[in-house]
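# A structural walkthrough
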2 protein chains.
Amino acid sequence: LKDITRRQFVASALSSAAISPLGLAKGAAASAGPVRVDRVVSNVASEPREDAAAPGTDQFSSWQDQGILNLANSPYAKLHNVPVRAVTIENGFWAARREVNVTQSIPTMHDLMESHGRMDNFRRLIGKSSAPEIGNAGCDSHLYKWTEAVAFTLQSGDRPELHKTAEDIIDLVVSVQKPNGYIGTYFVDDRATLSMRPDTQQTGHELYCLGHMLQGAIAYYRATGDRKWLNAGIRMVNDFVLPSYGPAPKLPIISGHPEVEMALVELYRITGDKRHLDLAGYILGGDDRIHVPRQVSIYLFSGTPFTERTQVEGHAVRAMYACCGATDYYLETGDATYWKTLNTLWNSMAGTKMYVTGGVGARAQGEAFGAAYDLPNASAYAETCAAIGNMMWNWRMLAATGDAKFTDVLERALYNGVNSGMSLSGTLYCYTNPLAFDPSAGITIRNPWYSTICCPPNFERTLASLPGYFYSTSSDGIYVHLYDNSILDWHLEDGTGLRVTQKTNMPWDGDVEITVTPAQRSEFTFYLRVPGWAGDKIRVAVNGKPVTGAMAGTYFPIHRHWSPNDVIQSRLGMTPQPLSANPHVAEDTGRVAVQRGPLVYCLEQLDQPNGVDLTDGSLAVSMKPGAEFTSEFKADFLGGIVVLHRDGTVAEVRSPQGSLNSKGGRDALYGPYEDQAELRYSRSVRLTYIPFYAWANREPSAMEVWTPVSKV
Amino acid sequence: LKDITRRQFVASALSSAAISPLGLAKGAAASAGPVRVDRVVSNVASEPREDAAAPGTDQFSSWQDQGILNLANSPYAKLHNVPVRAVTIENGFWAARREVNVTQSIPTMHDLMESHGRMDNFRRLIGKSSAPEIGNAGCDSHLYKWTEAVAFTLQSGDRPELHKTAEDIIDLVVSVQKPNGYIGTYFVDDRATLSMRPDTQQTGHELYCLGHMLQGAIAYYRATGDRKWLNAGIRMVNDFVLPSYGPAPKLPIISGHPEVEMALVELYRITGDKRHLDLAGYILGGDDRIHVPRQVSIYLFSGTPFTERTQVEGHAVRAMYACCGATDYYLETGDATYWKTLNTLWNSMAGTKMYVTGGVGARAQGEAFGAAYDLPNASAYAETCAAIGNMMWNWRMLAATGDAKFTDVLERALYNGVNSGMSLSGTLYCYTNPLAFDPSAGITIRNPWYSTICCPPNFERTLASLPGYFYSTSSDGIYVHLYDNSILDWHLEDGTGLRVTQKTNMPWDGDVEITVTPAQRSEFTFYLRVPGWAGDKIRVAVNGKPVTGAMAGTYFPIHRHWSPNDVIQSRLGMTPQPLSANPHVAEDTGRVAVQRGPLVYCLEQLDQPNGVDLTDGSLAVSMKPGAEFTSEFKADFLGGIVVLHRDGTVAEVRSPQGSLNSKGGRDALYGPYEDQAELRYSRSVRLTYIPFYAWANREPSAMEVWTPVSKV
């Protein structure tokens, strides 16, 4: 019955014109016909490429209904994505970031990719460029990811210029496809003999590029219904990969940099071709004909059976993407061993190896996870891509469970460790996202370009896809995950049309007004997310009547007969919350961080009074009883933010007095314990915190998230 | 008058056989004749080398009276060294270490230097070896330093076998002296044209080697009266260096690695040849014909005027040795600019850049000082040589002032950051002396050999010279600096014979009984050192009668008419003292170290209960009111030590519970502040501390000096 219900959820369409006024909802409206989400038949990609441009046939008819993930037929998905186009984000925090993304970040990144030869790498193969090769084996993926960012953008409404640019790139990409189906600019000519060899794929990124191409092609298909790129990708899988690579007697392959796994599962969700799912499973399982040294296998997070992993380790982006692929595989197969491993790994990651910003991958060496609780601040690597991978993985774990703990991590990463990855201007990017910074080392933290330009287009596609993260449907109702001014135009899984509007000033204010308008009076559950940070004084009312029982860190199920224009009012606690880290995190001993709502805050030197030096430990935040944070919205500051204030104390050294432990007083280097350290804090200062994502948007300045504590 | 008094202090000799029973005091007895400490006439070294073995002449007659430094005629020395041979250290802490030094460390290091070609480098030059060259430009210095260690050993009594070995090495060294006076094995043959060029001396160590040769030759001369090596050294200075190098129109030189400065001043104290002092001054002053980039000058701590320095910086050993040389220069010249700079630098070092162990040089890169308060623990470099340099510098600052703050630093370095440099077995050495250690990185902290074998012979010469650090004389009396079972047989500066015996169990016990026996009843001041760590309940009695006024961190002057067998009893506080660091030391935020008497303690993983892990911050020391340290002497443990016990608490993670800040309880990665961190410490443990110097003498084990604090 459950499966039937899932498959029938598009049987009923939005029936009321009154609740479907948005152009962006046309996808949902257009999908009103078929009872079942039909799939592209698996052999379509083996058709001649000339057919790729043919108009959509029946088997392509549901593209408008597919979300970031198309879980409509995934047996082990409890929640199902809504299309990106079904949600319109308006006038608020994310709308502003998304506008910068589309008007600044995406266009300028295109031009930089062009000037750095990323398109010429393709043109050279068809004789249209004689520019020298620039870049490395991973470069194609960055262009695919940029195109995917455009594709997600188009899912929220057409942008003709971007649309045309993306189409030109797609035409260029498919034009290099060889007769055997291969697409790629690196393993050609002299390097062709190295292609797909397990020993070259530690850095070869060949399947990684294929994965990103498939994701880009799928997003573009879901944006436009155009299956040209998608078919080229399917052809590479079906004609090039599947016939030659896989279990014996085929040749063994290793993913090297996980990514293709989730792409193949998503492809399966379109094609229904079980070979695509099985190929993902084969890659996740490793092939024991490939002998990978243990340290290499740890670094690659591939090459050995995924289900033998017991902790997140090695290269953080690889690990996160592998976990995404494995969760996707679980959502289709229900493999209990995978599920056990995924939960073990999630506890390892979220419970022992994640920064408070949601960033992951503590170590620069190998861009890797450190040991459990090894979370240095100043040297934190916390690559933007890894935080995005964390977010993507939690989105999949949430789909499997409906458990709000995954949404809490997703949101933590999104607002902080991901969002810090792009400047307010939209043209400068963090590759690493440290939690403390000393500018005297001369490092520029935000740059317009990196030779490995993975993070910026990853950020761009994430922001472009953001509407798709706001809601999910389930067999019994609807889940709201993220709060911002927005309109959902979609339907319940039983087909009942549903419009949900949010009015809020999140993340600056905790009040959210949600208007729920089903096409007709309907009984279902509205799962209201109560974030982990919302405190214990959460207020929820439906049509003005208080509803009790909402608890932080859960989805609060409101089951009732919903009528058009029913209103949920919720008030989430926005008291700034000082945080301490687990004692195992040696780096944060005696220190405190601050979070308000979903935002982690930081101190930037520029905003502090003279004499405060964030680089030498001389500042402490006062944690004496009665000390409080105050919040102040500053509309004209850093794009409009709530800043926090709190008293701090500075240990001023008038003149070093030697190190005798009986003399030297507060200026001595060492002294008797018994709160001696406290007494040395001699001058009160008023501190100003800004959201972590907003740091490094002015001149270079010291920054810290975890600040020493004083009790005075 | 003052100068006269100084110069006359050997006018009177030990007159009573009753107080001169020690064979080791024969030097002092033998020096009873001359009124003035005569000097080697400066041109003696230019005599033909054949004369070098001639028996001592009048101008050599005072060699037995000279201490580590011969400050008898230094106008700006307030305190004056006593000869090493005047003090016998018996049956106790340092006697045991010194016995290991002489029976294990020095002999085995000789054999290792031989097997690593250090002697063959010399033999090759005289056709007695065809072994390939091993080592680098600094290698000669290490052999000189080893020979100096033997020389100091001989000052405490003959060791015929070591004596013969040293003499063979000295014969070998002087045999390579060229007709122009040059001694050295590196800048010969193809490299001869590079000799003494300023641009080669950043790593050339040429004057550094000369400095160590002079120090070795002086120590050997003071041990034996044999001036063979000394004369060779003087000849290199007088015939090779002085005629060609110095202020224009001579060629410019740079010390590159400071060391020769203090050696030249010490040479001046023997020769009275002002050219030796002036050469030291010229080198300390820099030569503006040499253009050294600023960063290089910082690293070298030479090349620019010493008096323009405002902080200790750059290579720590270079900085410390430069400060030694500059202090020696001040002791002879009284140059006020030097004195101001020295105090500025001392405050910079002791007040902002010194580990609690007395180690200095925080950074491995460049073996260098970091910024003020930049004192990382696990990555502390704290080279043994630098701690020795710190000790040597403070010995000179103490001589200039009689200020106990310098003795406190000297003692801190000696007992901790220096003493950790040699294993209990005497055959393994620390090059770096970190304050926290995680063995999982696979680093072996103690090794029998280093390709740059500077620290082990430096440690050996320091321990061999230790008796010379116990006392000083002044115009008005005598100072005691260090406490251990010992006998001083010497005399006051007015010539009155004086014997002082110490009975104590230091550093394990704070009681010291000092018997003061002047040759006849005499009025003078006995300056009793009250260490900075001695607390505020110091008890002092003379002949059983309490004397009040002793304060920690000072010399307590006991002025009276002293009669033979007068007894001073002092009780110094030995309560284990928890220490905190200045808040500017970010690394030590929320942490506590422990000192008992002169010893800094540490936790070594091996001694803790199961479940304690020093590498991940999960352990905290309880600082709740009423928590105390207990002390326990364990005679059969690590050579016999007092261990300390105290309650600690461990934050045990049963299973990671994610990172939600509202859930997860004590196992969560982050949680609300308000002593949440405290509450996570869930299991009490009994901790055992050992002295820092004794760590890493068993199997590899984690270690830490600064431990997080809990209030539970």
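The present account deals with the structure reproduced in this document.

Procedures and definitions
Residues numbered from 1 in each chain as written. Chains lettered and ligands numbered in written order. Predicted model: local features only at pLDDT ≥ 70, side-chain atom pairs only at ≥ 80, totals over all residues. Heavy atoms only, no water. Helix = DSSP H or I, 4+ residues; strand = E, 2+ residues; numbered from the N terminus. Buried < 20%, exposed > 50% of the residue type's maximum accessible area, 1.4 Å probe, protein only. Contact = heavy atoms within 4.5 Å. Areas by Shrake-Rupley, 256 points an atom, 1.4 Å probe, with all protein chains shown as cover. Salt bridge = Lys/Arg side-chain N within 4 Å of Asp/Glu carboxyl O. Axes fitted to C-alpha atoms, helices over the stretch in contact; angles between N-to-C directions. Parallel < 35°, antiparallel > 145°, perpendicular 65-115°, else oblique. Left-handed = near helix turned anticlockwise from the far one by under 90°. Nonpolar A, V, L, I, M, F, W, Y, C, P; charged D, E, K, R; others polar. Buried area = accessible area lost by both parts, 1.4 Å probe. Polar contact = N/O pair within 3.5 Å; in protein donor to acceptor, adjacent residues only side chain to side chain. Pairing = 2+ DSSP bridges. Core = buried A, V, L, I, M, F, W, Y, C linked by side-chain atoms within 4.5 Å. Phe/Tyr/Trp six-rings, centres within 6.5 Å; stacked < 30°, edge-to-face > 60°. Lys NZ or Arg CZ within 6 Å of the ring centre and 35° of its normal. Least-squares fit on C-alpha atoms with pLDDT ≥ 70 in both. Disulfide = S-S within 2.5 Å.

### Quick look at the overall build of chain A
In terms of helices and strands, chain A carries 18 helices and 25 strands. The 712 residues of chain A split such that 65% are buried. Considering only residue pairs separated by 6 or more positions, chain A has 71% of its internal contacts joining residues 24 or more positions apart. Within the structure as shown, chain A displays about 23,200 Å² of accessible surface, and the carbon and sulfur contribution to it stands at 51%.

### A closer look at helix H17 (residues 455-464) of chain B
Of all 10 residues in H17(B), 10 are buried; the element is thus mostly enclosed. For H17(B), every residue scored as buried is listed here: B:Cys455, B:Pro456, B:Pro457, B:Asn458, B:Phe459, B:Glu460, B:Arg461, B:Thr462, B:Leu463 and B:Ala464.

### Some points on the pattern of salt bridges
Residues and elements named next belong to chain B. In the structure shown here, the tally under the stated rule is 56 salt bridges over all chains. Its salt-bridge partner being Arg-461, residue Glu-148 comes within 2.9 Å of it at the nearest N-O pair. Note that Glu-148 is positioned in helix H5 (residues 139-155) and Arg-461 in helix H17, a separation of 313 residues in sequence. Neither residue differs from the other here; Glu-148 and Arg-461 are each classed as buried.

### Concerning the packing of helix H9 (residues 228-244) of chain B against helix H10 (residues 260-271) of chain B
All names here are of chain B. As a packed pair, H9 and H10 sit with axes 12 Å apart at the nearest point and diverge in direction by 110 degrees. It follows that H9 is roughly perpendicular to H10 by the angle criterion. Along this stretch, H9 crosses H10, giving a crossing that reads as left-handed. For the pair H9 and H10, the contacting residues are Leu-230, Ile-234 and Val-237 in the first and Leu-264, Leu-267, Ile-270 and Thr-271 in the second. Within the contact of H9 with H10, the residues separate by chemical class into six nonpolar, one polar and no charged.

### Some remarks on the interface of chain B and chain A
Across the boundary between the two partners, chain B contributes 66 residues, which contact 64 residues of chain A. Summed over both partners, the interface of chain B with chain A buries about 5,000 Å², with 56% contributed by carbon and sulfur atoms. Taken as a group, B:Leu669, B:Tyr670 and B:Tyr673 account for 16% of the area that chain B buries against chain A, more than any other trio of residues on that side. Connecting chain B to chain A are 14 residue pairs in polar contact (both at pLDDT 80 or more). Those elements that place two or more of their residues in the side of chain B that touches chain A are helix H14 (336-352), helix H16 (404-418), strand E16 (577-581), strand E17 (591-596), strand E22 (670-672), helix H18 (676-679) and strand E25 (707-710) of chain B. Classifying every residue of the side of chain B that touches chain A by side-chain character gives 32 nonpolar, 20 polar and 14 charged. Sheet topology places strand E22 (residues 670-672) of chain A next to E16(B); three bridges connect them, and they run antiparallel.

### Concerning the nonpolar core
The biggest cluster of nonpolar side chains holds 225 residues, and the ones touching the most others in it are A:Met349 and A:Trp393. Leave out the neighbours within four places in its chain, and A:Trp393 touches A:Val312, A:Met320, A:Cys323, A:Cys324, A:Thr327, A:Leu342, A:Leu345, A:Trp346 and A:Met349. Counting 224 residues, the second-largest nonpolar core is a separate cluster that includes B:Val360, B:Ala413, B:Met422 and B:Met506.

### A word on the packing of aromatic side chains
In this structure the tally under the stated criterion is 54 aromatic pairs over all chains. In this arrangement the basic side chain of A:Arg646 is found over the ring face of A:Phe629, its NZ or CZ atom lying 4.4 Å from the centre.

### Let's talk about the environment of B:Glu90
Residues and elements named next belong to chain B. Along the chain, Glu-90 falls in the loop between strand E2 (87-89) and helix H3 (93-115). Among the residues examined, Glu-90 registers a relative accessible area of 31% and is labelled partly exposed. As a C-alpha pair, Glu-90 and Ala-627 span 537 residues in sequence and 37 Å in three-dimensional space. When neighbours within four sequence positions are excluded, Glu-90 is seen to be in contact with Ala-95, Asn-485, Ser-486 and Ile-487.

### Quick look at the relation of the copies chain B and chain A
Copies of the same chain, two in number, are related to each other by a rotation about an axis and a translation along it. Of the transformation placing chain B onto chain A, the axial shift is 0.0 Å and the rotation is 180 degrees, giving an RMSD of 0.0 Å. Expressed as a symmetry operation, the mapping of one chain copy onto the other fits a two-fold axis. For chain B, the residue whose C-alpha comes nearest the rotation axis is B:Gly590, separated from it by 2.2 Å. The share of interface residues of chain B whose copies in chain A are also at the interface is 97%, consistent with both copies meeting through the same surface.

### Some points on the packing of H14(B) against H16(B)
Residue and element names in this part refer to chain B. For the pair H14 and H16, the least separation of the axes is 12 Å and the interaxial angle reads 45 degrees. In terms of orientation, H14 and H16 fall into the oblique class. Relative to H16, H14 is oriented so that their crossing is left-handed. Between H14, through Asn-343, Trp-346, Met-349 and Ala-350, and H16, the contact on the second element is made entirely by Lys-405, Phe-406 and Val-409. Taken together, the residues of the contact of H14 with H16 break down into five nonpolar, one polar and one charged.

### Overview of the environment of B:Ser710
All names here are of chain B. When you line up the elements, Ser-710 lands in strand E25. Separated by 237 residues in sequence, Ser-710 and Thr-473 have C-alpha atoms that sit 47 Å apart. Polar contacts involving the side chain of Ser-710 include one to the side chain of Thr-649, which spans 3.1 Å.

### Overview of the state of the cysteines
All names here are of chain A. A full pass over the atoms with the stated rule returns zero disulfides over all chains. There is no disulfide at Cys-323, and the cysteine sulfur nearest it, in Cys-324, is 7.3 Å away. With relative accessibility at 0%, the residue Cys-323 sits in the buried group. Not part of a disulfide, Cys-430 finds its nearest cysteine sulfur in Cys-455, a span of 9.2 Å. For Cys-430, a relative accessible area of 0% corresponds to the buried category.

### A few points about the sheet that holds strand E1 (residues 80-81) of chain A
Residues and elements named next belong to chain A. Ordered by their spatial adjacency, five strands build an open sheet running E1-E6-E7-E11-E14, and the pairing between neighbours is mixed. Two strands in the sheet have a free side with no partner beyond their single neighbour: E1 and strand E14 (554-562). Pairing between strand E7 (residues 477-480) and strand E11 (residues 522-530): four bridges, direction parallel. Note on E11: the bridge partner recorded for Ile-478 is Phe-526.

### Points about the sheet that holds strand E2 (residues 87-89) of chain A
Residues and elements named next belong to chain A. Pairing is antiparallel in the open sheet, where seven strands are placed in the order E2-E8-E9-E10-E15-E12-E13. Across the chains shown, the open sheet's two edge strands, defined by having one partner strand only, are E2 and strand E13 (545-547). When the angles between neighbouring strand axes are averaged without regard to direction, this sheet yields 20 degrees. By the bridge criterion, six bridges tie strand E10 (residues 511-518) to strand E15 (residues 566-571) in an arrangement that is antiparallel. Counterpart to Val-516 in the pairing with E15 is Asp-566.

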